[in-house]
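So you can see what is in the structure, the chains are spelled out below.
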Amino acid sequence: MIRKTWAFCVDLYKTYTVHNGSYLAASIAYFMVLSIIPVILVCVSIIGFVFGSDLGARAHFLKLLDQNIPVMDDSIRKALDFAIKNKNALGLIGIAALLWISKNIIFALNFALEKIMDIQKHKDFIHRLLDTLYILAIIVVLVVVSMFWEMAASYAGAHMSALPISDGIQRTFMEKI
């Protein structure tokens with residue numbers, strides 16, 4: 001058993017070094033870290049939409065920041081005002097950058113998997129881009145479906161208590177537990 005485990009670990013290390021595993025992991029990690037910037041832009045844009053119309057929510061948010069950030073100067077207030085004024089542009093730039101970076105993440109993953117699995121077929125840029133857009137579309141659909149599923153479940157849960165039979169259902173459920 002120990003001999004098989006040791007042989008597996010040695011084979012794994014050899015395969016990892018032959019395929020330059022650290023470089024493949026570094027390229028994937030680079031694009032993952034780089035994707036944080038567009039996500040922040042999109043979040044700032046969302047904050048601009050939320051706090052742009054509600055002055056009370058904006059004041060509450062700034063109060064929370066004052067309480068939780070030890071040294072807060074006027075730059076955060078100026079940044080929030082900037083986000084409110086430029087929320088549309090920040091959102092569009094963030095979404096465009098997020099799509100571009102997502103394409104690069106999928107390209108890096110695709111390259112790494114082709115190299116590890118010794119796949120020799122090289123597609124041209126257009127075919128790779130179409131494959132990437134297909135994968136991104138699947139990811140977006142899965143995220144949207146999961147969000148709607150969660151919203152539907154919380155909506156049903158909130159309105160279940162209004163039904164006259166819900167008391168009996170809850171009692172029956174609690175008895176079985």
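Below, the structure is looked at part by part. (Residues numbered from 1 in each chain as written. Predicted model: local features only at pLDDT ≥ 70, side-chain atom pairs only at ≥ 80, totals over all residues. Heavy atoms only, no water.)

## Here's the deal with the overall build of the protein chain
Turning to step 1, where the next piece is worked out: What the protein chain contains, in helices and strands, is eight helices and zero strands.
Turning to step 2, where the next piece is worked out: The N-to-C order of helical and strand elements in the protein chain reads α-α-α-α-α-α-α-α.
Turning to step 3, where the next piece is worked out: Within the protein chain, buried positions represent 20% of all 177 residues.
Turning to step 4, where the next piece is worked out: Only carbon and sulfur atoms are counted for the fraction: they give 73% of the accessible area of the protein chain, which is about 13,700 Å². (Helix = DSSP H or I, 4+ residues; strand = E, 2+ residues; numbered from the N terminus. Buried < 20%, exposed > 50% of the residue type's maximum accessible area, 1.4 Å probe, protein only. Areas by Shrake-Rupley, 256 points an atom, 1.4 Å probe, with all protein chains shown as cover.)

## Quick look at the nonpolar core
Turning to step 1, where the next piece is worked out: By size, the foremost hydrophobic cluster in this structure holds seven residues: L24, I28, F31, I101, I105, A108 and A112.
Turning to step 2, where the next piece is worked out: Secondary structure elements with two or more residues in this core: α2 (21-34) and α6 (87-116).
Turning to step 3, where the next piece is worked out: Ranked by residues supplied to this core, first place goes to α6 with four residues.
Turning to step 4, where the next piece is worked out: I101 has contacts with F31, L34, S35 and P38, leaving out every residue within four places of it along the chain. (Core = buried A, V, L, I, M, F, W, Y, C linked by side-chain atoms within 4.5 Å. Contact = heavy atoms within 4.5 Å.)

## Quick notes on the environment of N110
Turning to step 1, where the next piece is worked out: Considering the arrangement of structural elements, one finds N110 in helix α6.
Turning to step 2, where the next piece is worked out: On the basis of relative accessibility, which here comes to 25%, the residue N110 falls in the partly exposed class.
Turning to step 3, where the next piece is worked out: In sequence terms N110 and R128 are 18 residues apart; their C-alpha atoms lie 9.0 Å from each other.

## Some thoughts on the layout of surface pockets
Turning to step 1, where the next piece is worked out: Taken as a whole, the largest pocket encloses approximately 240 Å³ of empty space.
Turning to step 2, where the next piece is worked out: As for the largest pocket, its lining consists of V42, I95, L98, L99, S102, L136, I139 and V140.
Turning to step 3, where the next piece is worked out: Mapped by element, the contributors of at least two residues to the lining of the largest pocket are α6 and α7 (125-160).
Turning to step 4, where the next piece is worked out: At four residues, α6 tops the list of elements feeding residues into the lining of the largest pocket. (1 Å grid on protein atoms, 1.4 Å probe; cavity = no way out; pocket = protein on both sides within 12 Å on 5 of 7 lines; lining within 4 Å. Points joined across faces, edges and corners; volume = space filled by probe spheres on them.)

## A closer look at the packing of helix α4 (residues 55-68) against helix α5 (residues 74-85)
Turning to step 1, where the next piece is worked out: Two elements in contact, α4 and α5, have axes whose closest approach is 11 Å; the angle formed by their N-to-C orientations is 145 degrees. Crossing of α4 against α5: the hand is right-handed. Between α4 and α5, the contacting residues are R58, F61, L62, L65 and D66 on the first element and I76, R77, L80, D81 and I84 on the second.
Turning to step 2, where the next piece is worked out: Taken together, the residues of the contact of α4 with α5 sort by class into six nonpolar, no polar and four charged. (Axes fitted to C-alpha atoms, helices over the stretch in contact; angles between N-to-C directions. Left-handed = near helix turned anticlockwise from the far one by under 90°. Nonpolar A, V, L, I, M, F, W, Y, C, P; charged D, E, K, R; others polar.)

## Overview of unusual backbone geometry
The general pattern is negative phi for most residues beyond glycine and trans for most peptide bonds.
Turning to step 1, where the next piece is worked out: Positive phi outside glycine occurs at N20, with the angle close to 55 degrees.
Turning to step 2, where the next piece is worked out: Its place among the elements puts N20 in the loop between α1 (2-18) and α2.

## Looking at a nonpolar patch on the surface
Turning to step 1, where the next piece is worked out: A surface patch of nonpolar side chains, amounting to about 670 Å² of accessible area, comprises Y134, I135, I138, I139, L142, V143 and M147.
Turning to step 2, where the next piece is worked out: Mapped onto the elements of the fold, I135 is located in helix α7.
Turning to step 3, where the next piece is worked out: With relative accessibility at 36%, the residue I135 sits in the partly exposed group. (Patch = residues over 30% accessible without salt bridge, like charges linked within 9 Å, V, L, I, M, F, W, Y side chains within 5 Å. Salt bridge = Lys/Arg side-chain N within 4 Å of Asp/Glu carboxyl O.)

## Topic: the packing of aromatic side chains
Turning to step 1, where the next piece is worked out: Enumeration according to the criterion identifies one aromatic pair in this entry.
Turning to step 2, where the next piece is worked out: Here Y30 and F31 contribute two aromatic rings whose centre-to-centre distance is 5.1 Å and whose plane-to-plane angle is 70 degrees, an arrangement assigned as edge-to-face.
Turning to step 3, where the next piece is worked out: Sitting over the ring of W100, K103 keeps its end group 3.9 Å from the ring centre. (Phe/Tyr/Trp six-rings, centres within 6.5 Å; stacked < 30°, edge-to-face > 60°. Lys NZ or Arg CZ within 6 Å of the ring centre and 35° of its normal.)

Everything listed here is a matter of coordinates, which is why it stays silent on function.
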